[in-house]
Amino acid sequence: MEAYLDNAATTKVFSRAAQKMLQMMQKDYGNPSSLHKKGVEAEQQLKETREIIARSLKVLPKEIIFTSGGTEANNLAIIGTAMANRRAGNHIITSCFEHASVHQPFLYLKEQGFDVDFVSVDSNGHIDLNQLISLIRDDTILVSIVYVNNEIGAIQNIESLVHSVKSINKNIVFHTDAVQAYGKLKIFPNKEGIDLLSVSGHKIHGPKGSGFLYIREKSKIKPQILGGGQQEGIRSGTENVPAIVGLKEAVLEYFTDHEKKIMKLYECKQRLIEQLLQIEGVVVHAISSDVQTAPHIVSVGFEGISRSEVLLHMLEEQGVFVSSGSACSSNHPGISSSLMAISVDKKFLNSTLRFSFSLETTVEEIDYAVAVLKEVLPKARRFTRH
């Protein structure tokens, strides 16, 4: 048996999405910029996808720009906004809790002369609102805060953060990396006041190489890819129609009976946590009775393990696939910056694994994973002592 529990890294493409992609590659393969029938048909597919995505967020279709995924969307949002608004100010803010595709663009902008500040988080991974407010200056032009942390599943109250920021200066652009949030939570940018929102298709059973950036109408953003002027010149290049159609099918399926699907993820999470906490020397990071976290991510520390990769590969040998985390802190190679940010006990910094679920995760997979873990954990601990 196999138990694939690394869905925060990537998900299996829905069958219908894969079939539609094949059709677009072998039959309806026109270039959307072409004026003939095949081109018009391809352009129609882009139009339909925009409408379906826009409906899921309750925004305008023209506010959706297709990208190659979350990384490109984050780069376009952050660098594009900073460069387009530089005359208004030189100060930008993010958190110490971001994915590398947000963190690295901020470091790049720092090299370009921007002033960058990083907001800290508490033990549950929530932004220090007082610190964020104190950092805002007259020349602040951009704030970027992740919606759901990709390692521990902490959910930010984005609406509250946006309100606080814009109550000080309504012209500050607010961006959120929603790669781990879209589909798992109800997100409505207009209601929440979000200006820019990044999404990746392969986290919701769409194909790799697909994604989009929501850009609130009239937002100023400087293109980062120049060329043929596609997508109103914001993101030039022939659109990846097969991937975009795959994304459309994934969104359609994901948002059908959406609330039931979210509840299924939470049920998987609760089942795993309940079983894990019965094992001696096991802790689940950043959970408490009064704080809701994302439905698909569980971060687990194992006492007596010196390196999480050892346990990861022992699980892998028996068909259980998990992750040892994500981007590392540049100052502490191999140590998760997210775990450090929430002040996890040092003994768990090198011994934490991430379990993550998808709509196709089964109860049987979870039970099998726990059974295997109970079998290999004592062996891994003996290996550590030697």
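My aim in this report is to walk through the structure given alongside it, one point at a time. Everything numeric here is computed off the predicted structure, so don't read it as measured data. (Residues numbered from 1 in each chain as written. Predicted model: local features only at pLDDT ≥ 70, side-chain atom pairs only at ≥ 80, totals over all residues. Heavy atoms only, no water.)

The helix and strand tally for the chain stands at 13 helices and twelve strands. Taken along its principal axes, the extent of the C-alpha atoms in the chain is 65 × 55 × 35 Å. The buried share among the 386 residues of the chain stands at 56%. Averaging the locations of the 42 positively and 43 negatively charged side chains of the chain gives two centres separated by 3 Å. (Helix = DSSP H or I, 4+ residues; strand = E, 2+ residues; numbered from the N terminus. Buried < 20%, exposed > 50% of the residue type's maximum accessible area, 1.4 Å probe, protein only. Lys, Arg positive; Asp, Glu negative; His and termini not counted. Charge placed at Lys NZ, Arg CZ, Asp CG, Glu CD.)

Moving on to the side chain of Ser356. Inspection of the secondary structure puts Ser356 in strand β12 (residues 352-356). There is a polar contact of 2.7 Å between the side chain of Ser356 and the backbone nitrogen of Ala8. Setting aside anything within four residues of it in sequence, one finds Ser356 in contact with Tyr4, Leu5, Asp6, Asn7, Ala8, His296 and Ile297. (Polar contact = N/O pair within 3.5 Å; in protein donor to acceptor, adjacent residues only side chain to side chain. Contact = heavy atoms within 4.5 Å.)

Once that is clear, we can look at the sheet that holds strand β8 (residues 211-215). Spatially, β2-β8-β7-β6-β5-β3-β4 is the arrangement adopted by the seven strands of the open sheet, whose pairing is mixed. Each having just a single partner strand, β2 (64-67) and β4 (115-119) make up the two edges of the open sheet. If you compare each strand with its neighbour and ignore which way they point, the axes differ by 20° on average. Pairing between strand β5 (residues 140-144) and strand β6 (residues 173-177): three bridges, direction parallel. The residue of β6 that forms the bridge with Val143 is Phe174. Relative to strand β7 (residues 196-200), helix α3 (residues 70-84) is tilted by about 160°, and along the sheet it contacts β2, β5, β6, β7 and β8. (Pairing = 2+ DSSP bridges. Axes fitted to C-alpha atoms, helices over the stretch in contact; angles between N-to-C directions.)

Our focus in this paragraph is the nonpolar core. By size, the foremost hydrophobic cluster in this structure holds 95 residues, and its most contacted members are Tyr147, Phe212 and Phe302. It is helix α13 (residues 363-385) that contributes the most residues to this core, eight residues altogether. If near-sequence neighbours (up to four positions away) are discounted, Phe212 is found in contact with Ile53, Leu57, Ile64, Ile65, Phe66, Thr67, Ala73, Tyr182, Leu197, Ser198, Val199 and Leu247. (Core = buried A, V, L, I, M, F, W, Y, C linked by side-chain atoms within 4.5 Å.)

A word on the packing of aromatic side chains. Per the stated rule, a full pass over the model turns up three aromatic pairs. When the ring of Tyr182 is compared with that of Phe255, the centres are 5.2 Å apart and the planes differ by 45°; the resulting orientation is tilted. Remark: Phe255 occurs in the loop between α8 (241-254) and α9 (258-276) and Tyr182 occurs in the loop between β6 and α7 (189-192); sequence separation between them is 73 residues. For Phe255, a relative accessible area of 23% translates into the label partly exposed. Grouped by ring-pair contacts, the aromatic residues Tyr182, Phe212, Tyr254 and Phe255 constitute a single cluster. (Phe/Tyr/Trp six-rings, centres within 6.5 Å; stacked < 30°, edge-to-face > 60°.)

Here we take up the pairing of strand β3 (residues 91-95). A regular strand places its side chains on the two faces of the sheet in alternate fashion. With respect to burial, β3 is a largely interior element, five of its five residues being buried. Side chains His91, Ile93 and Ser95 of β3 all project onto a buried face; the interleaved residues Ile92 and Thr94 project onto the opposite face, where all are buried too. As paired strands, β3 and β4 are joined by five bridges and run parallel to one another. Bridge assignment links Ser95 to a residue of β4, and that residue is Val119. A crossover connection joins β3 to the parallel β4 through helix α4 (residues 100-111); in handedness this β-α-β unit is right-handed. Alignment of β3 against β5, held across four bridges, turns out to be parallel. When the sheet's bridge partners are listed, Ile92 is paired in β5 with Leu142. (Right-handed = clockwise from strand over helix to strand, strands pointing away.)

Turning next to the pairing of β8. Burial within β8 is extensive, with five of its five residues counted as buried. Burial along β8 is two-sided: Gly211, Leu213 and Ile215 and Phe212 and Tyr214, pointing in opposite directions, are all buried. The sheet contact formed by β2 and β8 spans four bridges and is antiparallel. If you follow Phe66 over to β8, its bridge partner there is Phe212. Pairing geometry for β7 and β8, over five bridges, is antiparallel.

What follows deals with α8. For α8, built from 14 residues, the straight-helix expectation of 20 Å at 1.5 Å per residue is met to within 8% by its first-to-last C-alpha distance of 20 Å. Three or more residues of α8 are buried, namely Val241, Pro242, Ala243, Ile244, Val245, Gly246, Leu247, Lys248, Glu249, Ala250, Val251 and Tyr254. Those residues of α8 hidden inside the fold are in contact with α1 (15-26), α2 (37-57), β2, β8 and α9. (Expected span 1.5 Å × (residues − 1).)

Below, the discussion takes up the sheet that holds strand β10 (residues 297-302). An order of β9-β10-β12 is seen for the three strands of this open sheet, with the pairing classed as antiparallel. In this open sheet, the two strands that pair with only one neighbour each are β9 (282-284) and β12. Strand-to-strand twist in this sheet, taken as the mean axis angle between neighbours without regard to direction, amounts to 30°. Alignment of β9 against β10, held across three bridges, turns out to be antiparallel. In the strand pairing of β10, Val283 is matched with Gly301. Here α9 sits on the sheet in contact with β9, β10 and β12, set at roughly 10° to β10. On top of the sheet, helix α10 (residues 308-316) reaches β10 and β12; it is set at about 45° to β12, its chief contact.

Bringing the pattern of salt bridges into the picture now. Where charged atoms from two side chains of opposite charge approach closely, those side chains can pair. A full pass over the atoms with the stated rule returns 15 salt bridges. For Arg235, the salt bridge is made with Glu72, and the minimal N-O distance between the two is 2.6 Å. In this pair, Arg235 is assigned in the loop between β8 and α8 and Glu72 in helix α3, connecting sequence segments 163 residues apart. The buried category is assigned to Glu72, whose relative accessible area is 14%. Two residues, Asp195 and Lys166, come together in a salt bridge whose shortest N-O distance is 2.8 Å. With Asp195 in the loop between α7 and β7 and Lys166 in helix α6 (residues 158-168), this residue pair connects regions lying 29 residues apart in the sequence. On the accessibility criterion, Asp195 (7% relative accessible area) is buried. What you see here is one network of salt bridges that share partners, running through Asp115, Arg137 and Asp139. (Salt bridge = Lys/Arg side-chain N within 4 Å of Asp/Glu carboxyl O.)

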